[in-house]
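# Secondary and tertiary structure notes
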Amino acid sequence: MGLFDRFRRKKRPGVLRESTSADTGHLEKWAAARRGVEAYVEPKTTVTETTVVLVAHDGEWTRRRIDGTDGAKKFAKKLGIPIYDAGIVGYPKRMREYSRRKNQG
């Protein structure tokens with residue numbers, strides 16, 4: 001470690017991380033391993049870039065960054081899954097029930 005290395009920042013604060021191939025790779029593998037998967041797009045906020053939540057038939061879910069709303073639509077089309085705007089339709093009841101079951105242990 002150099003004398004001034006501790007003062008260097010790896011990332012600038014306030015800069016949002018964009019989606020990577022690791023993000024989309026995770027989503028593709030996750031969707032391929034489950035059935036009844038639907039996509040829910042979450043808009044960009046001051047804290048995060050646009051994200052997509054994939055929800056399986058049993059309510060299991062995962063979230064990752066995606067390259068904007070258009071990127072989410074292309075992703076869903078590529079996988080042949082339905083896509084919804086989470087800000088308009090909300091999240092499915094089965095997702096909330098799954099999260100509740102997981103938190104209860």
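Summary of the structure given here.

Criteria and cut-off values
Residues numbered from 1 in each chain as written. Predicted model: local features only at pLDDT ≥ 70, side-chain atom pairs only at ≥ 80, totals over all residues. Heavy atoms only, no water. Pairing = 2+ DSSP bridges. Helix = DSSP H or I, 4+ residues; strand = E, 2+ residues; numbered from the N terminus. Axes fitted to C-alpha atoms, helices over the stretch in contact; angles between N-to-C directions. Contact = heavy atoms within 4.5 Å. Expected span 1.5 Å × (residues − 1). Buried < 20%, exposed > 50% of the residue type's maximum accessible area, 1.4 Å probe, protein only. Arc of directions from axis to C-beta. Patch = residues over 30% accessible without salt bridge, like charges linked within 9 Å, V, L, I, M, F, W, Y side chains within 5 Å. Areas by Shrake-Rupley, 256 points an atom, 1.4 Å probe, with all protein chains shown as cover. Salt bridge = Lys/Arg side-chain N within 4 Å of Asp/Glu carboxyl O. Phe/Tyr/Trp six-rings, centres within 6.5 Å; stacked < 30°, edge-to-face > 60°.

With that out of the way, let us pick up the sheet that holds strand 4 (residues 83-85). On the basis of which strands lie adjacent, the open sheet formed by four strands has the order 3-2-1-4 and mixed pairing. The outermost strands of the open sheet, each flanked by one partner alone, are strand 3 (61-65) and strand 4. Pairs of neighbouring strands in the sheet enclose a mean axial angle of 25°, with direction left out of account. Where strand 2 (residues 51-55) meets strand 3, five bridges bridge the pair, whose relative direction is antiparallel. Pairing of Leu-54 across the sheet is with Thr-62, part of strand 3. Contacting strand 1 (38-42), strand 2 and strand 4, helix 2 (residues 68-79) crosses the sheet at an angle of about 155° to strand 4.

Okay, helix 1 (residues 21-32) next. For helix 1, with 12 residues, the first-to-last C-alpha span of 16 Å sits near the 16 Å given by 1.5 Å per residue. All of the buried residues in helix 1 are Asp-23, Leu-27, Trp-30 and Ala-31. All buried residues of helix 1 project into a common sector of 95° when viewed along the axis, lining one side. Opposite the packed face of helix 1, turned more than 90 degrees from it, sit the exposed residues Ser-21, Ala-22, Lys-29 and Ala-32. Elements in contact with the buried residues of helix 1: strand 2, strand 3 and helix 2.

On to a nonpolar patch on the surface. Residues Tyr-84, Ile-88 and Val-89 make up a contiguous nonpolar surface patch of roughly 310 Å² in combined accessible area. Mapped onto the elements, Val-89 comes out in helix 3 (residues 86-89).

Mapped onto the fold, Val-37 is located in the loop between helix 1 and strand 1. On the basis of relative accessibility, which here comes to 8%, the residue Val-37 falls in the buried class. Sequence separation between Val-37 and Trp-61 is 24 residues; the distance between their C-alpha atoms is 8.9 Å. Residues in contact with Val-37, not counting those within four places in the same chain, are Trp-30, Ala-31, Leu-54, Val-55, Ala-56, Ile-81 and Pro-82.

Applying the stated criterion across every chain, the model contains two aromatic pairs. A ring pair is formed by Tyr-40 and Tyr-91, whose centres lie 6.3 Å apart and whose planes are at 45°; its orientation type is tilted. Of the two residues, Tyr-40 sits in strand 1 while Tyr-91 sits in the loop between helix 3 and helix 4 (93-104), which places them 51 residues apart along the sequence. One aromatic cluster is present, built from ring pairs that chain together Tyr-40, Tyr-84 and Tyr-91.

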